[in-house]
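Structure assessment
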Amino acid sequence: MEPCLESMKTASLPDLPYAYDALEPAISEEIMRLHHQKHHQTYVTQYNKALNSLRSAMADGDHSSVVKLQSLIKFNGGGHVNHAIFWKNLAPVHEGGGKPPHDPLSSAIDAHFGSLEGLIQKMNAEGAAVQGSGWVWFGLDRELKRLVVETTANQDPLVTKGSHLVPLIGIDVWEHAYYPQYKNARAEYLKNIWTVINWKYASDVFEKHTRDLDIN
């Protein structure tokens, strides 16, 4: 068996860095509890189960099962990775949620999207246009040295579109992220979520990954 797979620790549900009701009225306590305790926990549970099955299949030389398990690992592992980022992308208003980013990210946004409002409009349009379930991402393309907006289907992480892409903000547009509160009004959810976006987190990640790049 591959040493890296054998030594890989099981995933665990991360604690939220705020109370379940801390993002109201943008995101209700009911949604946060369901989203974190039910949906994210399910991805973690199923990902760990699939990894254990993969270990067994590899030890047994069961190539058919190894191949079959890849989609389960991608879906549930992606769900865990994406949600772990999503919770950090949010913050209560009294803790800076919705406060615009500072430089150098602010200047880079202006250079690539015209303004912060231009970026938000593009994110909202792309997110609203996702067919079925998926994510809309604001990221850094280290290869092209620019900021980008991308979408991914289902629970695919941004990295599935290229290892050079670094997620700064990911917004979940699965119905479980908004339906109990917004029903089918995804556009309204996208509009309101910006009031609790944690731009400090995005700025910190941006600065970490651009120390050796000329982005502006």
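Residues numbered from 1 in each chain as written. Predicted model: local features only at pLDDT ≥ 70, side-chain atom pairs only at ≥ 80, totals over all residues. Heavy atoms only, no water.

1. Side note on the overall build of the protein chain
If you tally the helices and strands in the protein chain, you get eight helices and three strands. For the protein chain, the succession of helices and strands along the chain, N to C, is α-α-α-α-α-β-β-β-α-α-α. In terms of overall size, the protein chain behaves like a compact globule, its C-alpha atoms giving a radius of gyration of 18 Å where 216 residues would be expected to give roughly 17 Å. Per-residue burial for the protein chain yields a buried fraction of 46% across its 216 residues. Taking the contacts inside the protein chain whose residues are at least 6 apart along the sequence as the reference set, 70% of them involve residues at least 24 apart. About 10800 Å² of surface is accessible on the protein chain, with carbon and sulfur atoms providing 51% of the total. If you average the places of the 20 positive and of the 25 negative side-chain charges in the protein chain, the two averages end up 2 Å apart. (Helix = DSSP H or I, 4+ residues; strand = E, 2+ residues; numbered from the N terminus. Rg over C-alpha atoms; globule rule 2.2 N^0.38 Å. Buried < 20%, exposed > 50% of the residue type's maximum accessible area, 1.4 Å probe, protein only. Contact = heavy atoms within 4.5 Å. Areas by Shrake-Rupley, 256 points an atom, 1.4 Å probe, with all protein chains shown as cover. Lys, Arg positive; Asp, Glu negative; His and termini not counted. Charge placed at Lys NZ, Arg CZ, Asp CG, Glu CD.)

2. What about the pattern of salt bridges?
Tallied over the entire structure, the rule returns six salt bridges. One salt bridge connects Arg 142 with Asp 212, and the closest N-O pair in it is separated by 3.3 Å. Here Arg 142, found in the loop between strand E1 (134-141) and strand E2 (146-153), pairs with Asp 212, found in the segment after helix H8 (199-209); they are 70 residues apart in sequence, far enough to count as distant. Asp 212 sits in the exposed class, given a relative accessible area of 56%. Note that Asp 204 and Lys 200 form a salt bridge whose closest N and O atoms lie 3.0 Å from each other. Highlighted residues: Asp 204 and Lys 200, both in helix H8, separated by four residues, approximately one helical turn. A residue is classified by how much of its surface remains accessible, and Asp 204, at 38% relative accessible area, is partly exposed. (Salt bridge = Lys/Arg side-chain N within 4 Å of Asp/Glu carboxyl O.)

3. Let's talk about the pairing of E1
Most of E1 is tucked away, with eight of its eight residues classed as buried. Of the two faces of E1, the one carrying Gly 134, Val 136, Phe 138 and Leu 140 and the one carrying Trp 135, Trp 137, Gly 139 and Asp 141 are both buried. The turn linking E1 back onto E2 is made up of four residues, and Lys 145 within it adopts a positive phi angle of 55°. Sheet topology places E1 next to strand E3 (residues 165-172); seven bridges connect them, and they run antiparallel. (Pairing = 2+ DSSP bridges.)

4. Notes on the nonpolar core
A general feature of soluble globular proteins is that nonpolar side chains tend to end up buried together. Ranked by size, the top nonpolar core spans 51 residues in total, and within it Phe 138, Leu 147, Ile 193 and Trp 199 carry the most contacts. Once you skip the residues sitting within four places of it in the chain, Phe 138 turns out to touch Leu 105, Ile 109, Phe 113, Leu 119, Met 123, Leu 147, Val 148, Val 166, Pro 167, Leu 168, Ile 169 and Trp 199. Ala 11, Leu 54, Ala 57 and Ile 73 belong to the second largest nonpolar core, which has nine residues in total. (Core = buried A, V, L, I, M, F, W, Y, C linked by side-chain atoms within 4.5 Å.)

5. Section: the layout of surface pockets
Of the pockets and cavities examined, the largest pocket occupies roughly 210 Å³. Lining the largest pocket are Ala 91, Glu 95, Gly 96, Lys 99, Pro 100, Pro 101, His 102, Asn 198, Trp 199, Lys 200, Tyr 201 and Asp 204. Taken together, the residues of the lining of the largest pocket break down into five nonpolar, three polar and four charged. In this model, the second largest pocket occupies a volume close to 170 Å³. (1 Å grid on protein atoms, 1.4 Å probe; cavity = no way out; pocket = protein on both sides within 12 Å on 5 of 7 lines; lining within 4 Å. Points joined across faces, edges and corners; volume = space filled by probe spheres on them. Nonpolar A, V, L, I, M, F, W, Y, C, P; charged D, E, K, R; others polar.)

6. Thoughts on the sheet that holds E3
Hydrogen bonds between backbone atoms are what pair the strands of a sheet, whose relative direction is either parallel or antiparallel. The strand order across the open sheet formed by three strands is E2-E1-E3, and the pairing between neighbours is antiparallel. Of all strands in the sheet, those bounded by a partner on one side alone are E2 and E3. Strand-to-strand twist in this sheet, taken as the mean axis angle between neighbours without regard to direction, amounts to 25°. Most of the contacts of helix H4 (residues 105-113) go to E2, to which it runs at about 75°, and overall it touches E1, E2 and E3. (Axes fitted to C-alpha atoms, helices over the stretch in contact; angles between N-to-C directions.)

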